[in-house]
Structure formats: structure tokens, C-alpha cells
Amino acid sequence: MFVIHKMASSSHPLFTSSLRFSTTHSPPSSFLPFNPISKHLKIQSFYLFKKPHYRFFSSPAAVATDPATALAADDVTKEAEEKVVLPTNESSHTLLRIRHTCAHVMAMAVQKVFPDAKVTIGPWIEHGFYYDFDIEALTDKDLKKIKKEMDRIIGRNLPLIREEVTRDEAQKRITAINEPYKLEILNSIKEEPITIYHIGNEWWDLCAGPHVETTGNINRRAVQLESVAGAYWRGDVNKPMLQRIYGTAWENEEQLKAYLHFKEEAKRRDHRRLGQDLDLFSIQDDAGGGLVFWHPKGALVRHIIEDVWKKIHTKSGYDLLYTPHVAKADLWRISGHLDFYRENMYDQMKIEEELYQLRPMNCPYHILIYKRKPHSYRDFPIRVAELGTVYRYELSGSLHGLFRVRGFTQDDAHIFCLEDQIKDEIKGVLDLTEQMLLQFGFDKYEVNLSTKPEKAVGDDDIWVKATGALKDALNDKGWAYEVDEGGGAFYGPKIDLKIEDALGRKWQCSTIQVDFNLPERFDITYIDSNSEKKRPIMIHRAVLGSLERFFGVLIEHYAGDFPLWLSPIQARILPVTDTQLEYCKDVTEKMKASGIRVELCTGERLPKLIRNAEKQKIPLMAVVGPKEVESESVTVRSRFGGELGTMAVDDFIGRIKDAVDNRTSV
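Report on the accompanying structure. (Residues numbered from 1 in each chain as written. Predicted model: local features only at pLDDT ≥ 70, side-chain atom pairs only at ≥ 80, totals over all residues. Heavy atoms only, no water.)

On the surface, a cluster of nonpolar side chains totalling about 230 Å² of accessible area is made up of Val-237, Tyr-393 and Leu-395. Tracing the sequence through the fold places Tyr-393 in the loop between strand 18 (382-391) and strand 19 (407-417). Tyr-393 gets classed as partly exposed once you look at its relative accessible area, which sits at 37%. (Patch = residues over 30% accessible without salt bridge, like charges linked within 9 Å, V, L, I, M, F, W, Y side chains within 5 Å. Areas by Shrake-Rupley, 256 points an atom, 1.4 Å probe, with all protein chains shown as cover. Salt bridge = Lys/Arg side-chain N within 4 Å of Asp/Glu carboxyl O. Helix = DSSP H or I, 4+ residues; strand = E, 2+ residues; numbered from the N terminus. Buried < 20%, exposed > 50% of the residue type's maximum accessible area, 1.4 Å probe, protein only.)

Encoded structure:
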């Protein structure tokens with residue numbers, strides 16, 4: 001098991017500018033354009049397995065883990081052959097210093113190997129470090145040269161020396177060595193004095209630290225350069241494209257080996273590769289990047305997800321909606337998106353002299369449905385939900401499989417309620433969230449409550465009441481959570497929930513946000529018991545986030561081995577020869593009539609048919625030979641349970657249906 005902390009954001013400009021690039025797999029911000037970056041990034045846990053890991057969930061309740069007790073509370077399943085606990089940037093100050101110094105050593109090495117290279121920014125990150133250079137495109141061969149030079153620098157045991165200088169002195173030195181990016185960084189630093197770190201007397205960099213005492217404190221065998229990628233300076237597409245070198249660094253070789261083992265397991269589960277291998281989805285160059293094509297098998301899984309979602313929501317008192325994909329641009333002006341979110345929206349289109357806009361959010365549509373008629377306090381709570389497709393402009397370099405796309409479907413819902421209903425509604429959302437996520441095998445969560453930031457709308461009294469309601473709902477639920485003081489959106493406090501996958505990685509999934517802003521912007525009201533107009537409370541919430549991203553997480557969680565109830569193809573009928581084909585067709589039709597997703601495969605010798613089914617991760621194979629035809633039976637092989645023997649077709653169907661109903665395997 002790995003436990004890896006993400007670093008807390010630093011207030012120093014050298015770090016705050018770099019941290020924008022340090023997080024991966026983050027979802028597009030939910031609902032509104034006003035979500036501030038959380039002040040503290042939380043623990044992630046990773047499990048290391050040497051063989052495929054299958055889990056089937058029937059637990060009645062989920063567990064929200066407390067980061068402080070996550071290790072003690074964690075239940076490592078029987079399939080786990082090895083447990084490794086790795087230090088993190090937060091748990092080990094030594095590791096953080098090693099990684100930060102490695103970034104400097106790498107920059108020094110690059111400028112020794114490529115004297116014309118210009119340096120920019122090089123922070124520590126979650127699993128190591130990176131540094132951006134203005135240099136010609138680098139190759140794997142170049143990385144080997146750079147690593148060799150790094151080893152020399154480490155072996156020389158050079159001291160790391162901190163120096164304080166005036167701003168004028170720093171500017172003079174930077175100008176002398178012709179480092180224009182460092183000059184720009186210097187201008188962004190507001191603190192005095194300016195600090196510089198030297199490696200021996202040969203190389204220096206603007207830096208706030210911290211570092212190891214000497215380069216010899218780094219174990220060169222625990223450092224590896226991983227990859228090189230393009231990155232725009234300051235993340236701005238209009239600025240130069242730089243070469244970013246990523247590296248990983250650990251305290252010893254054993255930790256590096258364990259981390260590399262985890263990387264291999266994550267690679268095996270990569271949803272982009274599995275999506276292609278299992279024919280689940282694609283992103284077509286002819287259509288454009290970030291636009292997802294759901295293939296028949298992937299679409300089947302999506303249909304199952306949507307069906308579960310709709311049933312749970314209707315039982316929980318939600319009215320389901322469908323709303324347009326475009327609207328007049330003025331709607332987005334009222335909502336504030338054009339002022340605060342324009343860079344993430346597509347260009348407007350003119351229709352009959354009026355400007356229209358593809359929707360980046362669903363919220364304004366649900367508000368318009370609320371406003372279609374007057375409301376009394378007796379009407380509340382009002383709950384509406386929609387699987388609504390939205391479109392957001394993303395740079396091509398930021399697109400990543402199903403995790404970062406340009407068009408996606410949110411499981412979006414909004415609750416309009418009274419102040420004294422907030423707690424009960426939040427508790428209801430938490431219950432619904434747990435019920436939904438347990439359906440898909442996610443029973444461990446990390447929960448964060450974010451409170452009022454320095455700049456906010458709404459009276460203090462309603463903030464206190466809403467925040468208290470969120471805390472009370474979490475306490476009543478019995479879920480452990482951490483409070484991110486001042487980390488809420490400017491329009492209200494929020495709860496964010498991360499799910500933990502089979503590798504222990506945390507994925508941002510569910511969010512619940514109280515909103516004091518949009519009801520004001522759209523002037524929505526109700527008539528209270530005194531016949532006076534009042535403003536309702538609005539709650540935004542999503543459980544799965546986006547269907548595309550959730551599907552990607554599901555693929556990686558199960559490594560493509562979906563449980564029987566969720567698998568797009570639950571069984572394959574495999575005839576030994578064509579002589580059994582007619583009987584196999586009858587069996588296939590009978591199973592389909594019973595609601596089982598089954599297909600008949602022929603045209604190859606039986607061993608190859610079996611291998612193909614295994615490659616496609618089909619849960620059940622029913623082999624049919626002369627004896628099975630004679631006895632009107634099938635011989636069943638389970639991907640999860642091995643050889644199950646020969647059984648009557650009706651018995652086979654019954655076992656599948658029971659397993660699907662109980663969310664178990666056959």
C-alpha cells in the first residue's frame with residue numbers, strides 16, 4: 001500500500017506559479033466558474049498488487065476514511081501479496097528536500113549538457129519533481145545524458161548554500177547570465193529579501209528552499225528521469241512552448257522500485273488502452289480532440305449507469321429534466337459565466353441577429369424551470385436532476401482520454417429549499433451519494449468541507465447557518481471529514497468527496513455546494529408564510545461528476561474486468577464445432593429473452609474462441625459440444641470462479657440472474 005500526500009500550496013511566488021501544473025486527472029470545475037483552488041491537497045493511498053484484483057461489494061455502508069487513521073483502518077484484501085508504505089512530501093521533510101534539490105541538480109545538469117538552455121521553474125511535485133527549459137526538443141537519449149551528469153553532480157557532494165540579496169542585486173545577476181524567464185519570476189516575487197540557492201560555486205537559482213545540505217545526501221540510484229513533455233510558459237498558449245522534464249526521487253532504491261511497480265500496474269489499467277482493447281470508446285481525430293464516441297459495448301455500460309442513476313433519483317424525490325444544449329448569450333451574462341468563465345466557453349454563434357452560446361453548465365436552465373411559475377414555501381424542497389451534456393473549451397495539450405474532454409455529461413441536480421431545510425437536504429444527498437457509489441463498488445471516501453473564503457457573497461448569518469448544516473449532516477452521517485478553512489466558493493460552503501479505487505488512488509467525484517449567488521442574480525423568490533417574498537436557498541450537487549470521467553475511473557478500478565451485472569457482454573456461447581451451431585443459437589435467444597447480455601461466437605477453433613473471450617474479459621463462457629446438445633445443457637467457465645461444470649440452460653440463466661440481482665459473480 002502506498003500513501004502519498006500531495007503538497008500544500010506555498011505562498012511563495014516561485015511555487016504558486018509552478019503548482020498550476022502539478023495536479024493531474026483533475027475534473028473540469030463543477031457547476032460554476034467560481035471554485036477556488038483548495039488550500040490543502042489531501043492524502044492519496046495506493047495499493048500494490050502483483051496480480052489482477054477482483055472485488056465484489058455487498059457492504060451496507062461505506063467508510064469515509066480519516067487521513068490520520070487511513071492506514072490502520074484499511075482492509076487489504078487477500079489478493080494483496082505485498083504492502084509498501086512510501087513516505088510523502090508532507091510526511092517526510094527529507095523526501096521533499098531531496099526532490100526539490102533534484103530539480104536544481106537537473107537544471108544544473110541540463111545547462112552543462114546544453115549550455116544554451118534557459119531555465120524557468122522547477123518545483124517538487126507529488127511523486128518527484130520537474131523543471132521547464134527553453135531548449136530544442138529533447139529525446140530519450142538526451143535524458144540519459146542529463147541523468148549521467150546529474151549522477152556526477154550528486155557524487156561530488158556539493159554544498160547547497162542559501163544567500164539573501166537585494167532585488168537590485170538579483171536583477172543584476174540575472175541580467176548578467178541572460179536568463180529572461182528568471183527576470184520575469186523575480187518581478188512576480190513580492191517578498192523581501194530575495195533568496196538564492198547555490199550548488200557549490202558553479203550554479204544558482206532563485207529559490208525559497210528548502211534543500212538538502214549537500215548533493216551527496218541524494219541517493220542517485222533512487223532518482224529516475226521519467227519523461228519529457230511540452231508545456232507553455234505560465235500555461236499560456238500565447239507564450240513560448242518549453243520542454244518539461246519529469247523525474248521521480250525517493251529516499252532509497254527500495255522505495256523507487258515499489259513506486260515503479262505501482263506505475264506498471266497503473267499502466268496496465270490505463271482506461272485509454274483498455275478502451276481501445278475492449279472496444280468501449282474512442283476519440284476520433286476526424287471529429288476533433290476531446291469528443292468521446294461511445295462504442296456499442298461502452299454505450300451499454302453507460303445505459304446501465306444511467307438506469308441506476310435514474311431509478312435512485314426518482315425514488316429519492318427528484319424530478320428528471322431535459323434541457324437545451326444552447327441558449328442566448330444573455331443567459332450566461334446574467335449567470336456570470338461570461339464575466340468569470342469566458343476562457344472555458346466556446347465562441348458565440350449568431351442566429352437571426354441574436355447571439356447564442358453552447359452551455360458550459362446546466363444551472364441556469366434549472367433556474368429558468370424554477371422561475372416558470374410562482375412558488376410558495378409549502379412547495380419546498382424542490383429537487384430537479386438532469387444528465388446534461390455540457391461543452392467546455394480545453395487546450396489540446398490538457399486533453400486526457402475520458403478524464404479531460406471538451407464535451408461531457410454531468411449528473412447534475414439542484415435543490416431549492418428553505419434555510420431550515422438545508423441540513424436534511426444535505427443529509428439526503430449524502431445518503432443518495434453513498435447508495436449510488438456503493439452500487440459501483442466504491443466504499444471508501446475522503447470527505448472535505450470547505451468554509452467561507454475572504455471574499456464572499458451573502459450575510460455572515462446565512463454562511464454560519466449553512467456551514468453548520470453541512471457539518472451537522474456529515475456528523476449525523478458518521479463520516480470523517482477535514483475542514484478546509486476559507487476554501488469554499490465565494491457563493492457558499494461546499495462538501496467534496498473523493499472515491500478510492502482498487503489501487504488506492506483518490507478521484508474527485510461527488511460535490512455538494514450551497515449557493516447564495518445565483519438566486520440573487522436570477523432574482524428567484526417564493527412567498528413565505530407571511531405572504532412576503534423571500535429568496536430560496538439553492539444547492540448544487542453531482543454524485544458521479546461526469547459520466548465520461550466516471551466511466552474512465554470504473555475501467556481503471558476494475559482493470560476492464562467489470563463485475564457481471566455491469567459487464568457489457570455477460571456471457572459468450574462457444575460451440576466446439578459448427579455441428580452445435582443451431583443449438584447454440586437457440587440457447588443464445590433463450591438467454592437474451594431472459595434479459596442476459598449474451599453473444600454467440602464461431603468461426604475459430606475452440607481454444608482460440610476461449611482465448612479471445614479471456615482477452616475481451618467476458619465474465620462467463622458456455623462451451624457446447626455433442627454431449628451438451630444431447631443433454632440440453634452447457635459447460636460453464638467463469639472468469640472469476642473457474643470451471644463451474646455442466647448445467648442445464650435454465651439453471652445457468654437462473655444463476656446469472658441471481659448473481660446480477662445480488663451484485664455477485666457466478
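The terminal C-alpha atoms of helix 14 (residues 460-477) lie 26 Å apart, and with 18 residues this matches the ideal 26 Å at 1.5 Å per residue to within 8%. Three or more residues of helix 14 are buried, namely Ile-462, Trp-463, Ala-466, Thr-467, Ala-469, Leu-470, Ala-473, Leu-474 and Lys-477. Down the axis, helix 14 shows its buried residues gathered within 150° of arc, on one side only. When the buried face of helix 14 is taken as reference, the exposed residues oriented beyond 90 degrees from it are Asp-461 and Val-464. Remark: Gly-478 follows helix 14 within two positions and exhibits a positive phi of approximately 80°. (Expected span 1.5 Å × (residues − 1). Arc of directions from axis to C-beta.)

Helix length check: helix 9 (residues 296-315) (20 residues) gives 29 Å between terminal C-alpha atoms against 28 Å at 1.5 Å per residue, within 8%. Among the residues making up helix 9, those that are buried are Lys-297, Gly-298, Val-301, Arg-302, Ile-304, Ile-305, Glu-306, Val-308, Trp-309, Ile-312 and His-313.

This part covers the packing of aromatic side chains. The tally for this structure, following the rule as stated, stands at 19 aromatic pairs. Ring pairing ties together the aromatic residues Trp-294, Phe-551, Tyr-558 and Phe-562, which thus form one cluster. Positioned over the ring face of Trp-565 is Arg-663, at 3.8 Å from the centre of the ring. (Phe/Tyr/Trp six-rings, centres within 6.5 Å; stacked < 30°, edge-to-face > 60°. Lys NZ or Arg CZ within 6 Å of the ring centre and 35° of its normal.)

Spatially, the three strands line up as an open sheet ordered 15-17-16, and their pairing is antiparallel. Bordering the open sheet on either side are strand 15 (326-328) and strand 16 (349-351), each of which pairs with just one other strand. Strand-to-strand twist in this sheet, taken as the mean axis angle between neighbours without regard to direction, amounts to 40°. (Pairing = 2+ DSSP bridges. Axes fitted to C-alpha atoms, helices over the stretch in contact; angles between N-to-C directions.)

Spatially, three strands are ordered 7-8-9 in an open sheet, and the strand pairing comes out antiparallel. Lying at the two open borders of the sheet, with one neighbouring strand each, are strand 7 (160-165) and strand 9 (203-206). Between one strand and the next, the sheet's axes are offset by a mean angle of 25°, whatever the strand orientation. In the packing of helix 3 (residues 93-113) onto the sheet, contacts are made with strand 7, strand 8 (194-199) and strand 9, and the angle to strand 9 comes to roughly 125°. (Contact = heavy atoms within 4.5 Å.)

Counting 65 residues, the largest nonpolar core has Leu-437, Phe-440, Ile-499 and Phe-550 as its most contacted members. Ranked by residues supplied to this core, first place goes to helix 13 (residues 422-439) with eight residues. (Core = buried A, V, L, I, M, F, W, Y, C linked by side-chain atoms within 4.5 Å.)

Below, the discussion takes up the pattern of salt bridges. What the rule picks out here adds up to 47 salt bridges. The shortest N-O distance in the salt bridge between Lys-465 and Glu-419 comes to 3.7 Å. Here Lys-465, found in helix 14, pairs with Glu-419, found in the loop between strand 19 and helix 13; they are 46 residues apart in sequence, far enough to count as distant. The class for Lys-465 is partly exposed, based on a relative accessible area of 40%. A residue is classified by how much of its surface remains accessible, and Glu-419, at 40% relative accessible area, is partly exposed. As a salt-bridge pair, Glu-520 and Arg-535 come within 3.6 Å of each other at their nearest N and O atoms. Here Glu-520, found in helix 15 (residues 518-521), pairs with Arg-535, found in the loop between strand 25 (533-534) and strand 26 (537-546); they are 15 residues apart in sequence, far enough to count as distant. Taken together, the shared-partner salt bridges in this structure form one network comprising Lys-427, Asp-431, Glu-434 and Lys-477.

To continue, consider unusual backbone geometry. Here the residue pair Glu-192 and Pro-193 is connected by a cis peptide bond, since its omega of -5° sits within 30 degrees of zero. Its location among the elements puts Pro-193 in the loop between helix 6 (180-188) and strand 8. For the bond running from Phe-380 to Pro-381, omega is 0°, close enough to zero to count as cis. Tracing the chain through its elements places Pro-381 in the loop between helix 12 (363-370) and strand 18. With a phi angle near 55°, Asn-178 is a residue other than glycine that sits in the positive phi range. By secondary structure assignment, the location of Asn-178 is in the loop between helix 5 (167-176) and helix 6. Owing to a relative accessible area of 48%, Asn-178 belongs among the partly exposed residues under this scheme. One non-glycine residue, Lys-617, lies in positive phi territory at about 55°. Mapped onto the fold, Lys-617 is located in the loop between helix 18 (606-615) and strand 29 (620-624). On the basis of relative accessible area, Lys-617 is assigned to the buried category, the value being 14%.

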